[in-house]
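Chains, contacts and geometry: an overview
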Amino acid sequence: SFTWNWSAFIFNFFYFFFRKMWLPGLLLLLFDLIVSIPSVLVNWNTFAEMGLLDPLKYSFDIDLLYNVSMALGWISLAVRFVMAGFANRIYYNRVIAKVRQLRTKTFPSEAAYVGELTRQGRTSRNVLIVSIVAFFGINLLTTMLLLFVL
């Protein structure tokens with residue numbers, strides 16, 4: 001069912017990593033990185049025309065890249081809307097699956113079961129921090145590759 005989640009809309013894949021939903025978070029991260037490539041090339045060309053960066057080694061149809069970049073921006077926004085609409089359902093399904101998985105295991109006491117349930121159900125601040133650093137690191141690496149390859 002469709003219910004709105006502002007956190008998923010605003011923070012995108014960071015929200016999914018924070019909630020330990022690895023696959024949707026990773027897919028959204030990869031999607032964001034891929035759809036940003038035309039925009040990076042357009043921006044690079046703009047800065048090169050202003051004399052702030054060296055021109056790219058390969059020529060591209062900048063008008064086409066601009067149009068592709070704009071279209072991908074709208075598609076990215078649509079994906080954010082869809083994921084924000086289904087984030088609560090995805091999270092609910094993950095929690096139910098995790099609880100069912102834990103119920104199949106044997107624990108020495110009810111307190112041990114509750115403790116494990118709590119541990120597995122917590123949000124992951126460490127992964128959130130790592131994902132933020134990785135995201136900016138990957139963006140920096142992509143820019144550096146563009147600098148030396150294109």
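Everything here concerns the structure above.
Presented here is a report on the structure given in the accompanying data block. (Residues numbered from 1 in each chain as written. Predicted model: local features only at pLDDT ≥ 70, side-chain atom pairs only at ≥ 80, totals over all residues. Heavy atoms only, no water.)

**Here we look at the packing of aromatic side chains**
Counted under the stated rule, the structure contains 14 aromatic pairs. Ring geometry for Phe-14 versus Phe-135: centroids 5.7 Å apart, planes at 85°, classification edge-to-face. Linking Phe-14 in helix H2 (residues 13-18) with Phe-135 in helix H7 (residues 125-149), this pair joins segments that are 121 residues apart in sequence. An aromatic cluster is defined as three or more aromatic residues linked by ring pairs; in this entry it consists of Phe-13, Phe-14, Phe-17, Trp-22, Phe-135 and Phe-136. (Phe/Tyr/Trp six-rings, centres within 6.5 Å; stacked < 30°, edge-to-face > 60°. Helix = DSSP H or I, 4+ residues; strand = E, 2+ residues; numbered from the N terminus.)

**Looking at the pattern of salt bridges**
This model, assessed by the stated rule, comprises one salt bridge. Among the ionic pairs, Glu-116 bridges to Arg-119, the shortest N-O distance being 2.7 Å. Highlighted residues: Glu-116 and Arg-119, both in helix H6 (residues 110-121), separated by three residues, approximately one helical turn. Given a relative accessible area of 44%, Arg-119 falls into the partly exposed group. (Salt bridge = Lys/Arg side-chain N within 4 Å of Asp/Glu carboxyl O. Buried < 20%, exposed > 50% of the residue type's maximum accessible area, 1.4 Å probe, protein only.)

All quantities given are derived from atomic positions and should not be read as evidence of function.
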